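The chain contents come next:
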Amino acid sequence: MAYKGPISQRQRRFGEELQRLRTAAGLSAPEAGALVGMKGPAVSHTEAGRITLNSERLEIWLDAYGCTDPVFRAKLAEMGRSNGKGWWTDLADRVPTLLLDLAEADHSAASMDNFETFYVPGLLQVPAYIEAIYEDASQHRKLDVEAEIEFRKQRQRILTDLPRREFRFVIHETALRMRFPGDAVMREQLVHLLEISELPNVSIQVLPFTAAKKPPSTGQFVVFDPGAPELSTVVVDHPSHTEYLGDQHSIETYRRTFNQLSELALPPVDQSLTTLSSRDSWGLIRHLLYLLQA
């Protein structure tokens, strides 16, 4: 059965994984098709994310491909049977497709690692900060600003509304010193970072200007892990486009890069562990907040 409408990133990712497994098993598309009563072109369309695959055929293929990891199989099956609908569906006609893909990635993630350089991560932005970002962006491209602001606010609910997930953020000090929203908004934003860091599933670290070594990355990225590391997706923002990466080399590279950034950054915001003799993310954010109050 063919999908209706544009192919989502989740559908592409599901198909790419099927192709990777089939290739690793040394089977051609016609050979894989013969196992489930499909012709070669239909297999190719499935691997391109153009048509659906029922659970029975998926199980046969995974057996034939030598895939025995029960967690991986369950997560891949979950990815394949998703209908792509959620809170974001109501905004589908008003926001870019890339935001819908981001919402789906959020929804399926068991953990998320996010590095940001110039802006506070979207999941941690207060409404006034969001509005300041889109006020500038709307001058350069056509946007339904109201819809995009609403999207970002709705997206933030995953921090608290869904079953417990782990969120790790590393934010460059540059982002916390930006004054474009105005001092009052930045004060509100910094206070919010301190408050949201009290959630047990949220870790916030600041990468300071005084980091002892050169950071291994100069651009922002997010690693979404659905609970099976091999099915992770890396989202990389570029000036002209957003890139989604699902190959194992990219996943391992960005996961390693995030861990290196975390090691370079100050210890996580945790007021209970802060001492006068230590330098940590909580202390730096408090210092920046003090400067804005001067």
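Each remark here, short or long, concerns the structure printed above.
Residues numbered from 1 in each chain as written. Predicted model: local features only at pLDDT ≥ 70, side-chain atom pairs only at ≥ 80, totals over all residues. Heavy atoms only, no water.

J.: Teacher, can you tell me more about the overall build of the protein chain here?
T.: Helix and strand counts for the protein chain stand at 12 helices and 6 strands. Whereas a compact globule of 294 residues would reach a radius of gyration of roughly 19 Å, the protein chain reaches 21 Å, a difference of no more than 12%. If you take every contact in the protein chain between residues at least 6 apart in sequence, the share linking residues at least 24 apart comes to 71%. Summed over its atoms, the accessible surface of the protein chain is roughly 15100 Å², and 53% of this surface lies on carbon and sulfur atoms. Computing the positive centroid from 32 side-chain charges and the negative centroid from 39, the protein chain places the two 2 Å apart. (Helix = DSSP H or I, 4+ residues; strand = E, 2+ residues; numbered from the N terminus. Rg over C-alpha atoms; globule rule 2.2 N^0.38 Å. Contact = heavy atoms within 4.5 Å. Areas by Shrake-Rupley, 256 points an atom, 1.4 Å probe, with all protein chains shown as cover. Lys, Arg positive; Asp, Glu negative; His and termini not counted. Charge placed at Lys NZ, Arg CZ, Asp CG, Glu CD.)

J.: For this particular structure, what's the right way to read the pairing of strand S4 (residues 221-225)?
T.: For a regular strand, side-chain orientation follows a simple rule: the groups alternate between the two sheet faces. Summarising burial for S4: 5 of the 5 residues are buried, a large majority. A two-sided burial pattern is seen for S4, the buried positions comprising Phe221, Val223 and Asp225 on one face and Val222 and Phe224 on the other. Examined bridge by bridge, strand S1 (residues 111-116) and S4 share 5 bridges and lie antiparallel to one another. The residue bridging Asp113 from the neighbouring strand is Val223, located in S4. Two strands pair when backbone bridges link them, and S4 and strand S5 (residues 233-237) are joined in this way by 4 bridges, in the antiparallel orientation. Bridge pairing in S5 links Val222 to Val235. (Buried < 20%, exposed > 50% of the residue type's maximum accessible area, 1.4 Å probe, protein only. Pairing = 2+ DSSP bridges.)

J.: Would you take a moment to explain the pattern of salt bridges for this structure?
T.: Two side chains carrying opposite charge are able to pair once their charged atoms lie near each other. Throughout the structure, instances matching the rule amount to 12 salt bridges. Between Asp183 and Arg179 there is a salt bridge, with its nearest N and O atoms 2.7 Å apart. Take Arg179: its relative accessible area is 48%, and that puts it in the partly exposed class. Three or more residues are tied together by salt bridges with common partners; here these are Arg13, Glu17 and Arg20. (Salt bridge = Lys/Arg side-chain N within 4 Å of Asp/Glu carboxyl O.)

J.: What is the right way to read the pairing of S5 from this model?
T.: Among the 5 residues that make up S5, 4 are buried, leaving the element largely enclosed by the rest of the structure. Sheet topology places S5 next to strand S6 (residues 242-245); 4 bridges connect them, and they run antiparallel. Residue Val234 lies in a different strand from S6, and its bridge partner there is Leu245. Where S5 hands over to S6, the hairpin turn is made up of 4 residues, counted between the paired strands.

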